[in-house]
2 protein chains.
Amino acid sequence: MNRIKIEFAYDGEKFYGFQSLPDKRTVQNELEKALTKLLGEDIKIVASGRTDAGVSALKQVAHFDTNSSIIATNICFAVNKLLPKDIQVFSSKKVSDNFHARFSAKLKVYKYLVYNSVHLNPVYEKSMLQVSKKLDLEKMKIATRFLIGKHDFSAFASKDDERKNCIRDLKNIEIYENNGIFEFILTGNAFLYNMVRIIVGTLIDVGVGNIDPKKVDNILKSKERKFAGKLVSAHALTLVDVKY
Amino acid sequence: MNRIKIEFAYDGEKFYGFQSLPDKRTVQNELEKALTKLLGEDIKIVASGRTDAGVSALKQVAHFDTNSSIIATNICFAVNKLLPKDIQVFSSKKVSDNFHARFSAKLKVYKYLVYNSVHLNPVYEKSMLQVSKKLDLEKMKIATRFLIGKHDFSAFASKDDERKNCIRDLKNIEIYENNGIFEFILTGNAFLYNMVRIIVGTLIDVGVGNIDPKKVDNILKSKERKFAGKLVSAHALTLVDVKY
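Conventions used here
Residues numbered from 1 in each chain as written. Chains lettered and ligands numbered in written order. Predicted model: local features only at pLDDT ≥ 70, side-chain atom pairs only at ≥ 80, totals over all residues. Heavy atoms only, no water. Axes fitted to C-alpha atoms, helices over the stretch in contact; angles between N-to-C directions. Helix = DSSP H or I, 4+ residues; strand = E, 2+ residues; numbered from the N terminus. Parallel < 35°, antiparallel > 145°, perpendicular 65-115°, else oblique. Left-handed = near helix turned anticlockwise from the far one by under 90°. Contact = heavy atoms within 4.5 Å. Nonpolar A, V, L, I, M, F, W, Y, C, P; charged D, E, K, R; others polar. Least-squares fit on C-alpha atoms with pLDDT ≥ 70 in both. Salt bridge = Lys/Arg side-chain N within 4 Å of Asp/Glu carboxyl O. Polar contact = N/O pair within 3.5 Å; in protein donor to acceptor, adjacent residues only side chain to side chain. Buried < 20%, exposed > 50% of the residue type's maximum accessible area, 1.4 Å probe, protein only. Phe/Tyr/Trp six-rings, centres within 6.5 Å; stacked < 30°, edge-to-face > 60°. Lys NZ or Arg CZ within 6 Å of the ring centre and 35° of its normal. Domains from an automatic or database assignment. Buried area = accessible area lost by both parts, 1.4 Å probe. Pairing = 2+ DSSP bridges.

Undergrad: Which residues make up the packing of helix 3 (residues 137–147) of chain B against helix 5 (residues 215–222) of chain B, and what are the values?
TA: All names here are of chain B. At a minimum axis separation of 8 Å, helix 3 and helix 5 run at an interaxial angle of 30°. Classified by the angle their axes make, helix 3 and helix 5 are roughly parallel. Where helix 3 crosses over helix 5, the handedness of that crossing is right-handed. Residue-level inspection shows A143, F146 and L147 of helix 3 in contact with helix 5, the latter providing V216, D217 and L220. Among the residues forming the contact of helix 3 with helix 5, the class breakdown is five nonpolar, no polar and one charged.

Written as structure tokens, this is what we have:
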């Protein structure tokens, strides 16, 4: 038996999210179907984590076990021919049996894109969220200071998240602005359900002046979802990297 | 009568190009239809130039004349409600009768995006061209030196271009690389039909080693389309700016 690690990218637009669901087009379903066909045995993958419906990935990681004798590094080329164009595997290699795509993951990096303009932009709209009110970069940066670090992020998780332990280590939030486009880069050991999108939604509320930057500390400590900002659209979010 | 200058953006994907064509969905048709409806008179626009089918614009410029008494700066907000989401006007203002969107234009800036990878990438694919063979940035930069300047660009124009004068002033070509993504920025006073895409196609041929960088000078001087590289896909090209 060989354990194989794959790295892959997908455009989230036409999937019902990542996780296997009966009769739905999910990333996991499509990957398992193609790998099963290629390797001639029933393949189940374990990914670094789920992504919400509509979220894309420039680099997502998974592992699976196989008895097939196919050369591991060839799997990516062979399986891509069986995959739809909106998921493609760009790396495959044999790893030790200790490697676990989820438990071995040390860091995840997400990117959220916002364009700040009173007008819709047909080019940006496909991959960014439009915010009409002027965003104040400095205020948003002040707010990030309260969020960075090891905290209970209950206030920034969907109520549907049933995990009891909501402590996560948010290593960094960077915000860059260029010609009205704001790039939010969040790096953490793991994220709760909807956590990236609720944090960005809260930072946007700070940026447009609806929330005082210092209040973000209170929101965090309240552990109450209702005090944080809104859940922003998934289409502007991309999983950029998973580090081991 | 007032002359109005509008600045607008469009996603080229679902248009049969820019120019008015009977019974086709073109950018010009959609804009004229919406402006005609808004202003209650037959509006014809004059743009800075056409863009090929499939090409997007972050900033395209046009002018038109109207007898309407609507406040010029309000036109963009009002017309956007009548436009499809893939064209949106982001600025409208009254200009002098001497202003001409095409003849007054001094510079146009185009951006072409390439990702250099043996694998397709579902996220990048929507707005970039995939090139499998490794691109040599330095070789491409050497080739650009022969193209920058005032030249007869017949070798880099579609044979369908019927203009007799093929002399254009190509002010600059910049190429940036970042994590396998190559951004080609071309700035010129005007461009021939397909010129940007044939230049980028030729630079890619140089980058992958099919054409010696110094041969680009011979190609230019030959004035023969057949010696230049191939016409690359329109979907990765964006008109970024028009300067007056």
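Now, onward.
Undergrad: Explain the relation of the copies chain A and chain B to me, using residue names and the numbers behind them.
TA: For the match of chain A to chain B, the screw axis carries a shift of 0.0 Å, the RMSD comes to 0.0 Å, and the turn is 180°. Here the two chains are linked by the operation of a two-fold rotation axis. Closest to the rotation axis within chain A is the C-alpha of A:K126, separated from it by 4.8 Å. Most of the interface of chain A is mirrored in chain B, where 100% of its interface residues are also at the interface.

Undergrad: Describe the interface of chain A and chain B, listing the residues and the values that go with them.
TA: Much of the literature gives interface size as the accessible area that the parts lose upon coming together. Tallying the contact residues gives 25 residues for chain A and 25 residues for chain B. At the surface where chain A touches chain B, the tally comes to three salt bridges. A salt bridge links B:D11 to A:K126; the nearest nitrogen and oxygen atoms lie 3.4 Å apart. In this structure, the connection of chain A to chain B is made through eight residue pairs in polar contact (both at pLDDT 80 or more).

Undergrad: Explain the pattern of salt bridges to me, and be specific about the residues and the numbers.
TA: Note that side chains of opposite charge can pair when their charged atoms are close. Residue and element names in this part refer to chain A. Counting across every chain of the model gives 25 salt bridges over all chains. Between E7 and K5 there is a salt bridge whose closest N-O contact spans 3.9 Å. Assigned by exposure class, E7 and K5 land together as buried. Among the charged side chains, a salt-bridge network with shared partners connects K5, E7, K59 and D241.

Undergrad: For the environment of A:I181, give the residues involved together with the corresponding values.
TA: All names here are of chain A. Note on placement: I181 falls in strand 9 (residues 181–188). The class of I181 is buried, set by a relative accessible area of 18%. In this structure the C-alpha to C-alpha distance between I181 and A78, which are 103 residues apart in sequence, comes to 38 Å. Excluding residues that lie within four positions of it along the chain, I181 makes contacts with V114, Y115, Y124, M128 and Y176.

Undergrad: Run through the packing of aromatic side chains, naming residues and quoting values.
TA: All names here are of chain A. Scanning the entire structure with this criterion turns up 14 aromatic pairs over all chains. Grouping aromatic residues by their ring pairs yields a cluster made of F8, Y10 and F18. In this structure, K24 is placed above the aromatic ring of Y16, and the distance from its NZ or CZ to the ring centre is 4.3 Å.

Undergrad: Please set out unusual backbone geometry residue by residue, giving values where relevant.
TA: Residue and element names in this part refer to chain B. Backbone geometry at D23 places phi at a positive 60°, although glycine is not the residue there. Looking at where D23 falls in the secondary structure, it is placed in the loop between strand 1 (2–10) and helix 1 (27–39). A positive phi angle, close to 70°, is found at N194, a residue other than glycine. The class for N194 is buried, based on a relative accessible area of 10%.

Undergrad: Residue-level account of the domain arrangement of chain A, with values.
TA: All names here are of chain A. In terms of domain boundaries, chain A breaks down into domain 1 (2–95) and domain 2 (107–243). Just the C-alpha atoms count here: the centres of domain 1 and domain 2 sit 28 Å apart. Every contact between the two is made by 14 residues of domain 1 and, on the other side, 14 residues of domain 2. The junction of domain 1 with domain 2 conceals about 1,000 Å² of combined surface from both sides, 52% of it contributed by carbon and sulfur atoms. Sorting the residues of domain 1 by area buried against domain 2 places D52, L58 and K59 first, and these three jointly supply 46% of that buried surface. Among the ionic pairs, D241 bridges to K59, the shortest N-O distance being 3.0 Å. In this structure, the connection of domain 1 to domain 2 is made through eight residue pairs in polar contact (both at pLDDT 80 or more).

Undergrad: Can you tell me about the pairing of strand 3 (residues 56–66) of chain A, naming the residues and giving the values?
TA: All names here are of chain A. In terms of burial, strand 3 is largely enclosed, as 10 of its 11 residues are buried. Note that strand 3 and strand 10 (residues 237–243) share two bridges and pair parallel. Counterpart to A57 in the pairing with strand 10 is L239.

Undergrad: How would you sum up the environment of A:D97? Please name residues and give values.
TA: Residue and element names in this part refer to chain A. Tracing the chain through its elements places D97 in the loop between strand 4 (87–95) and strand 5 (107–116). Along the backbone, D97 and I43 are 54 residues apart, and their C-alpha atoms lie at a distance of 16 Å. Contacts of D97, omitting those with residues within four sequence positions, involve M1 and R3.

Undergrad: For the environment of B:R168, give the residues involved together with the corresponding values.
TA: All names here are of chain B. One can find R168 in strand 8 (residues 167–178). When the C-alpha positions of R168 and L192 are compared, they lie 7.9 Å apart, and in sequence the two are 24 residues distant. For R168, the residues in contact, after removing those within four places along its chain, are G149, K150, H151, F153, R163, N189, A190, F191, L192 and M195. At 3.0 Å, the side chain of R168 forms a polar contact with the backbone oxygen of N165.

Undergrad: Give me the side chain of A:T238: which residues, what numbers.
TA: Take A:T238: it is sitting in strand 10. Owing to a relative accessible area of 10%, A:T238 belongs among the buried residues under this scheme.

Undergrad: Any chance you could break down the packing of helix 3 (residues 137–147) of chain A against helix 4 (residues 195–207) of chain A for me, citing the residues and the numbers?
TA: All names here are of chain A. Between helix 3 and helix 4, the shortest axis-to-axis distance is 8 Å and the interhelical angle comes to 140°. Classified by the interaxial angle, the pair formed by helix 3 and helix 4 is oblique. Classified by chirality, the crossing of helix 4 by helix 3 is right-handed. Along the contact surface, helix 3 presents K139, M140, A143, T144 and L147, while helix 4 presents I199, L203, I204, V206 and G207.

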